[in-house]
Amino acid sequence: MSATAIRLRPRRTKGAGLGVLAWLLGLLFFLPIAWMALTSFHSEEDAATNPPSFAAALTLDGYREFFGAGGGASPWPSLINSTVASLASTLFVLVLALPAAYALSIRPVKKWTDVLFFFLSTKMLPVVAGLLPIYLFARNTGLLDNIWLLVILYTSMNLPIAVWMMQSFLAEVPVAIIEAAQIDGAKLPTILTRVVAPIALPGIAATALICFIFSWNELLFARVLTGVVAETAPVFLTGFITSQGLFLAKVCAASLVISLPVLAAGFAAQDKLVQGLSLGAVK
């Protein structure tokens, strides 16, 4: 056996071991979702058994009750509210974060690292610390139970992390291309939309997906600041925990349905997400 083959064998063994470890970690993270999906297709009696019965009969009763077949509240208003709040706030975040990241990464800004740290430091404030002032402001301005209040809050909450992420993405855009566009007479809006945005599209997609997930999953502000009109999907989900007990099959069905938009968005943008998060990792 040649010396080259002897050197390559440990590397291949190490690579195979890392691959097996990655698969095991992936299955470990996927197991709770699979368990939740399986439980959602069981009856309440079978879902409540301990240990759970994997061979129990499957049924769609949990989904029927979630969508109001049993006379309960319809989830569609809450799902629509979550969709509006998440998409609108994500759009506003991208519109505001792109020029800010452009200024911090491409245009010379003094002490730009201090600016980025200030943006990130705003995420260190505990959310509950700002809950009471925001509630009083919303009550005095008549914005309680208003979906656009959540849009403003989600935009302000996600904007710092979006600027931080997009700054690293836009730093990879060649300055020569921007200077060539300026020589041709392109103004800043044209440069941002037709030059910078197409090049940094994977990073923008990754930022948008993360902001969408953060907005969709937010519960504390939505729980305190909304009532009936602007109730979001996570708040609607908490309504399944009643004084009568916890109906596990129905809760799992509701959780799976509410998680589907996030899972679908992540699956559709997975290539852009991987490209965006790895952008700038290798010079």
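This report concerns the structure included in the present document. Quick caveat: nothing in here was measured; it's all calculated off a predicted structure.

Turning our attention to the overall build of the chain. Within the chain, the secondary structure is distributed over 14 helices and two strands. Out of the 283 residues belonging to the chain, those deemed buried represent 34%. Sequence-distant contacts, at least 24 apart, represent 76% of the contacts inside the chain between residues at least 6 apart. When the accessible surface of the chain is totalled, it reaches about 16,700 Å², and 71% of it is carbon and sulfur.

Among all residues save glycine, negative phi is the norm, and among peptide bonds the norm is trans. Notably, Asp145 is not glycine yet its phi reads approximately 60°, a positive angle. You can call Asp145 partly exposed: its relative accessible area is 23%.

Let us look at the packing of helix H4 (residues 76–105) against helix H10 (residues 201–217). Axis separation between H4 and H10 bottoms out at 9 Å; the angle between their running directions is 140°. Taken as axis vectors, H4 and H10 run oblique relative to one another. Taken as a pair, H4 and H10 cross one another with a handedness that is right-handed. Contacts between H4 and H10 pair Leu79, Ser82, Thr83, Ser86, Leu87, Ser89, Thr90, Val93, Leu94 and Leu98 from the former with Ile204, Thr207, Ala208, Cys211, Phe212, Ser215 and Trp216 from the latter. Tallied by class, residues from the contact of H4 with H10 come to ten nonpolar, seven polar and no charged.

The next subject is the pattern of salt bridges. This structure, assessed with the given rule, holds two salt bridges. Residues Asp61 and Arg64 are paired through a salt bridge, measuring 2.8 Å at the closest nitrogen-oxygen approach. Taken together, the residues span about one helical turn, with Asp61 and Arg64 both in helix H3 (residues 61–66) at a distance of three residues. Note on Asp61: relative accessible area 37%, which makes it partly exposed. Judged by its relative accessible area of 44%, Arg64 is partly exposed. In this structure, Lys250 and Glu65 form a salt bridge, with 3.7 Å as the shortest nitrogen-oxygen distance. On the criterion of sequence distance, the pair formed by Lys250 in helix H13 (residues 248–268) and Glu65 in helix H3 is long-range, its members being 185 residues apart.

What counts and how
- Residues numbered from 1 in each chain as written.
- Predicted model: local features only at pLDDT ≥ 70, side-chain atom pairs only at ≥ 80, totals over all residues.
- Heavy atoms only, no water.
- Helix = DSSP H or I, 4+ residues; strand = E, 2+ residues; numbered from the N terminus.
- Buried < 20%, exposed > 50% of the residue type's maximum accessible area, 1.4 Å probe, protein only.
- Contact = heavy atoms within 4.5 Å.
- Areas by Shrake-Rupley, 256 points an atom, 1.4 Å probe, with all protein chains shown as cover.
- Axes fitted to C-alpha atoms, helices over the stretch in contact; angles between N-to-C directions.
- Parallel < 35°, antiparallel > 145°, perpendicular 65-115°, else oblique.
- Left-handed = near helix turned anticlockwise from the far one by under 90°.
- Nonpolar A, V, L, I, M, F, W, Y, C, P; charged D, E, K, R; others polar.
- Salt bridge = Lys/Arg side-chain N within 4 Å of Asp/Glu carboxyl O.

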